[in-house]
Amino acid sequence: MAFEIIETNRVSNNATYQRIKHASSSTKTDMIFGLFLPSTYEKSDMTPVLYWLSGLTCDDTNFAIKAGPAAFEEAEKQGIALVMPDTSPRGENVPNVDSYDMGVGAGFYVNATSPPYNENYHMYTYVTEELPRLLETEFALGCDNLKSICGHSMGGHGALTVALKQNEGQWTSVSAFAPICNSTDSPWGKKAFESYLGSVEKGNEHDATLLLSQQKEQVYDEILIEQGLDDQFLFQLKPEALEKAAQKVGQKLTINNRDGYDHGYFFISAFIKNHVAFHGERLTKKKRHLAVEKISAIGSSFSETQGKVITCKAMVARGPKQPLTHETITVDPPKAGEVRVKVIANALCHTDVYTLDGLDPEGLFPCILGHEAGCIVESVGEGVTSVVPGDHVIPCYTPQCAKHSCIFCQSPKTNLCPAIRSTQGQGIMPDGTIRFKDSEGKPIYHFMGCSTFSEYSVIAEISCAKVSKEMALDEACLFGCGVSTGLGAVWNTCDVEVDSSVAVFGLGAVGLAVIQGAKTAGASRIIAIDVNPSKFEAAKSLGATDCVNPKDLPEGVSIQSHIVSMTQWGCDYTFDCTGNTEVMRSALECAHRGWGTSCIIGVAASGHEISTRPFQLVTGRVWKGTAFGGFKSRKDVPILVERNLKGEIPVKHFISHRFDGVDKTNDAIDALHAGDCLRAVVKY
């Protein structure tokens, strides 16, 4: 479907507001609509959309200009798009009258049947059929009916009637501001129905009160109405009629009567965030439910492969500094204490590239890399009791045997369970054997106990963190390494207190997770340090209060001395997220005199050593490190996922690149090398 973007504005982060023109088959003229796309928008990601229908005299821009700042901010938070169509057809050949409540700007969201309006005024079809089809086809918005609707005044009438007429799952939720609730008993409605349809009676099928009273049961979990009590048009709106109809059929209806508010955009702006959140929460819940259904359909076929060798595709690392090769491999069934998983999505981590570049002393070739993934259990070996086929799991390179005899698992001081550490470092399973073979039958080593650059993998049961099926696996995978590590370094390893000062060196995904964790912990000052200033905006959006580029400092001024001068005595907590031993020293030396703690997160290349003057430690600084943020994998990762589902730990903003197919893993590696990639997620 042809369309033209006639205007584009950046709103915040990478969110955009566009005005789009297209030739309409419904109205037989060009139509323009506004479209807000959140920074997380991806055509491949089923982004939900909220329709906003404006009131009399408005066009596609009024809402965006007058209420957009508040609405777009909340839509960005919820990760949903907003579409704002015009209120009527416009153009030289479109019939019009000299009246604010008829003709252009007053299409009333009906299909006109009376001349001269019957040729162009088909706004109901435009809003319910043509525009949704365009958005689905060209933007992948609102697919699988992931769409909701809201509006104001005449647009509130439109939102309610559209949602009540199409009430079999086409819309997820509905709300309105000062809607015309009983339009056949309203002067505005009567005039519109007589002119567009030929009689008031023909407007019955577009009267929200009448439509609701005809329902046999509740059709939406809740209908939300906002009404100003100083509204000069309240006599036209008749919310009390809709309330009676709702009571009659048992439909939950919430009418918020607001003292001191009239009918205008100040009223809308004051409460629009509440409505966007109302829809966002329901759209997100529906999206998760749909994702679970699709994933469950995959799991239903596992009975055919259990106990058998699986042939699948994988990206094999044949040697250091070589591109991965796309190969057909075989994956053996799981043995005792093992789990075979279908990998749904994998996020690329710098540790994978670190090993591929030959910097890992434990790196073995050929091997299957990958350790930050979301998977479904395909089958389990003898003795496995904590997961069953169909469960969603995050493979964790830091296992948790949880045995009473394991002093590491029983200690609150560490998460470093050594149960399978020796075999994991040798690229083999706990029993000393291998589950992967190439097309010639030759063995392929495992990696970090995960090996998720393959469509199927076998991992130890004690490396499986069972998580809620409600979270999409292409987002849940982020908790498999980097994000968890950054958050845990703040919350567990250092236990950052409220009002602390923090410095973060390196603004990749781990560094940004540290900032997010520090903000959540209540740090009052968070200094973000990186030589790439393009990363500063993301850092600030997550809570950084200051951003410093060491390259901008005067010659001879070290970054650590600069941070000390900014803070008088240094920061309470500093974090190295670079893996550079010189930066590790800088981070330590700008920790607060007397009590500062510096945490090493980044992994240095083989053979590199850290150094500082002993006096730095004598004067009260503490130098420590963290692995997986101190989280005990099987116990804590499910909790992180639950906190994400509650909105407490959003992670989608870490995904900067997406790819489809295991064969696109080299493209993800290239993106990571380009310098502007936080996390590249590959869906298999």
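An unreviewed UniProt entry lists the protein under the name S-formylglutathione hydrolase, with Ditylum brightwellii given as the organism. Under the UniProt heading Cofactor (unreviewed entry), the note attached to the protein is "Zn(2+)". Checking UniProt for the protein, the heading Sequence similarities (unreviewed entry) contains the comment "Belongs to the esterase D family."

**Considerations on the UniProt feature "domain: Alcohol dehydrogenase-like N-terminal" (unreviewed entry) in the protein**
Per the UniProt entry, the sites bearing "domain: Alcohol dehydrogenase-like N-terminal" (unreviewed entry) are residues 336-467 in this numbering. For the annotated span residues 336-467, helix accounts for 12% and strand for 27% of the residues, and the straight-line distance between the end C-alpha atoms is 22 Å.

**Here's the deal with empty space enclosed by the protein**
Counted by the stated rule, this structure contains one cavity of 30 Å³ or more. Volume-wise, the largest cavity comes out at about 70 Å³. Lining the largest cavity are I420, T423, Q424, I428, M429, P430, H446, G449, I459, A460 and S463.

**Focus on helix α8 (residues 239-249)**
Regarding α8, the residues found buried are P239, A241, L242, A245, A246 and V249. Viewed end-on, α8 has its buried residues packed into an arc of 155°, placing them on one side of the element. Opposite the packed face of α8, turned more than 90 degrees from it, sit the exposed residues K244, Q247 and K248. Looking one or two places after α8, you find G250, whose phi comes out positive at around 80°.

**With respect to the packing of aromatic side chains**
Scanning all chains against the criterion turns up 17 aromatic pairs. Ring pairing ties together the aromatic residues W52, F63, F177, Y261, F267 and F271, which thus form one cluster. Above the face of the W171 ring, K147 is positioned so that its terminal group lies 4.7 Å from the ring centre. The ring of Y124 has K165 sitting right over it, with the charged end atom 5.4 Å from the ring centre.

**A look at the sheet that holds strand β2 (residues 16-23)**
Taken together, nine strands build an open sheet; the order of strands is β1-β2-β3-β5-β4-β6-β7-β8-β9 and the sheet is mixed. Only two strands of the sheet have a single neighbouring strand rather than two, namely β1 (4-10) and β9 (253-258). On average, each strand axis in the sheet is inclined to that of its neighbour by 15°, with strand direction left out of account. Pairing between strand β4 (residues 49-53) and strand β5 (residues 81-85): three bridges, direction parallel. Note on β5: the bridge partner recorded for L50 is L82. Along the sheet, helix α3 (residues 123-139) makes contact with β2, β3 (30-37), β4, β5 and β6 (147-152), crossing β3 at roughly 55°. Packed onto the sheet, helix α4 (residues 154-165) meets β4, β6, β7 (174-177) and β8 (223-228) and runs at close to 150° relative to β6.

Thresholds applied
- Residues numbered from 1 in each chain as written.
- Predicted model: local features only at pLDDT ≥ 70, side-chain atom pairs only at ≥ 80, totals over all residues.
- Heavy atoms only, no water.
- UniProt positions renumbered as here; feature names shortened; annotations may be inferred.
- Helix = DSSP H or I, 4+ residues; strand = E, 2+ residues; numbered from the N terminus.
- 1 Å grid on protein atoms, 1.4 Å probe; cavity = no way out; pocket = protein on both sides within 12 Å on 5 of 7 lines; lining within 4 Å.
- Points joined across faces, edges and corners; volume = space filled by probe spheres on them.
- Buried < 20%, exposed > 50% of the residue type's maximum accessible area, 1.4 Å probe, protein only.
- Arc of directions from axis to C-beta.
- Phe/Tyr/Trp six-rings, centres within 6.5 Å; stacked < 30°, edge-to-face > 60°.
- Lys NZ or Arg CZ within 6 Å of the ring centre and 35° of its normal.
- Pairing = 2+ DSSP bridges.
- Axes fitted to C-alpha atoms, helices over the stretch in contact; angles between N-to-C directions.
- Contact = heavy atoms within 4.5 Å.

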